[in-house]
Amino acid sequence: MKPEQKSRRELPLAARRRDAVDADPLVDELRPGQSVELLKELHILTRDGKLNQDSRRKLKQVYHLVQFIEKCLQELPREPERTLTLADHGAGKSYLGFILYDLLFKAIENSRIFGIETRAELVQKSRALADRLGFHRMSFVNLSVAEATASDELPTQIDVVTALHACDTATDDAIAFGLEKVAQVMVLVPCCQAEIARSLNANKALNLRRTPLAELWRHPLHTREIGSQLTNVLRCLYLQAHGYQVTVTELVGWEHSMKNELIIARRVKKPDRVAAQRLKDLLGEFGLTELLHTRFTLPQDNAHSVPMNS
Ligand SMILES: C[S@@+](CC[C@H](N)C(=O)[O-])C[C@H]1O[C@@H](n2cnc3c(N)ncnc32)[C@H](O)[C@@H]1O
């Protein structure tokens, strides 16, 4: 049998991989007008136009996110004379920003995307790539998310906030940024966050005497797990308390990423007082009331009632 006549099962693994890539539905999904050059520059496609297997997972996540964001953009009331703005937090190599620009923002003349990233070399590379591709309505700022909130490199109002795996508390800073900039939509896929687990740990002995609930975080592994779960629950209540309607789903199947929780918050301008009370009560139950003064400050009219168990 000639080599090219070998059945698929007989092909060496590398050849089988190449074979699978040729038929990859993600490559087939390229939209009309989508820049193949961009995908090569981002090393999502190899120089000969094949899908780079290492980037496959990232591309799948980004495509999913783009679909959610596209739907959110369609729902936004648009005033054509106002610039549509999106800020991506913890942008990294700016996969998300570039693909959003290429697929959606490129066609919206009065629009702008900002990438916020602390690593100077990534910011430089993203600027150079945007220049090369003629993506002139993309800007990259070399700031932390927390610094970006007060920076005059960004407009006072931002319509859409995104944060894809922004490390640790950068997601919380992105939420604070979104509230300050009166964002219409926030699309968040949080990374691991250690702050709440640290606080749970700090008060562990006291809480074990106070409540059987503290058994949930007695062991360090459980402290991390419950800390991570609690963090996202608190973020959702916090957003609701500040007038956002929140949905929580999976971004892609869990086989693709462990950091897979997608939180979409749409501004409905109606602060949810019940959510605010729940947030306070939950912080009280977990012995975390101090976070009401730091991470989870509430709108004024909800700020004064006393949390349960504090
Ligand atoms: C896990 S990477 C994700 C990058 C990108 N969003 C993606 O999904 O490909 C997190 C990025 O956030 C950046 N970062 C971490 N903390 C940050 C902060 N406080 N402000 C801005 N960027 C931050 C890191 O330098 C890193 O590039």
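Here, the structure is the one placed above.
Throughout what follows, the structure given in this document is the object of discussion. Keep in mind the model is a prediction, meaning the values are calculated, not measured.

Let us look at the packing of helix α4 (residues 53-75) against helix α5 (residues 95-103). Packing of α4 against α5 leaves a shortest axis separation of 10 Å and a crossing angle of 50°. One element, α4, and the other, α5, form an angle in the oblique class. Both α4 and α5 take part in a crossing whose hand is right-handed. Two secondary-structure elements touch here, α4 through K58, V62, L65, V66 and I69 and α5 through Y95, L96, I99, L100 and L103.

This part is about the sheet that holds strand β4 (residues 160-164). If you trace the seven strands from one edge of the open sheet to the other, you get β3-β2-β1-β4-β5-β7-β6, paired in mixed fashion. Each end of this open sheet is capped by a strand with a single partner; those strands are β3 (138-141) and β6 (244-250). The mean inter-strand angle of the sheet, taken between neighbouring strand axes irrespective of direction, is 15°. Of the pairings in the sheet, the one linking strand β2 (residues 111-116) to β3 comprises four bridges and is parallel in character.

A separate point is the site of the ligand. Near the ligand there are 20 residues, and of these G90, G92, S144, C167 and A170 occur at the shortest range. Of all the elements in the fold, those that place two or more residues in the shell around the ligand are α5 and α8 (170-180). Considered class by class, the residues forming the shell around the ligand number eleven nonpolar, five polar and four charged.

In this section: the packing of helix α9 (residues 195-202) against helix α11 (residues 220-241). Following both chains from N to C, one finds α9 and α11 inclined at 125°, their axes separated by 8 Å at the closest point. Between α9 and α11, the angle is such that the two are oblique. Seen along the crossing, α9 lies across α11 with a hand that is right-handed. Seen from α9, the contacting residues are I196, A197, L200 and N201; seen from α11, they are T223, R224, G227, L230 and T231. Class assignment for the residues of the contact of α9 with α11 results in four nonpolar, four polar and one charged.

About the thresholds
Residues numbered from 1 in each chain as written. Predicted model: local features only at pLDDT ≥ 70, side-chain atom pairs only at ≥ 80, totals over all residues. Axes fitted to C-alpha atoms, helices over the stretch in contact; angles between N-to-C directions. Helix = DSSP H or I, 4+ residues; strand = E, 2+ residues; numbered from the N terminus. Parallel < 35°, antiparallel > 145°, perpendicular 65-115°, else oblique. Left-handed = near helix turned anticlockwise from the far one by under 90°. Contact = placed C-beta atoms within 7 Å. Pairing = 2+ DSSP bridges. Near = placed C-beta within 6 Å. Nonpolar A, V, L, I, M, F, W, Y, C, P; charged D, E, K, R; others polar.

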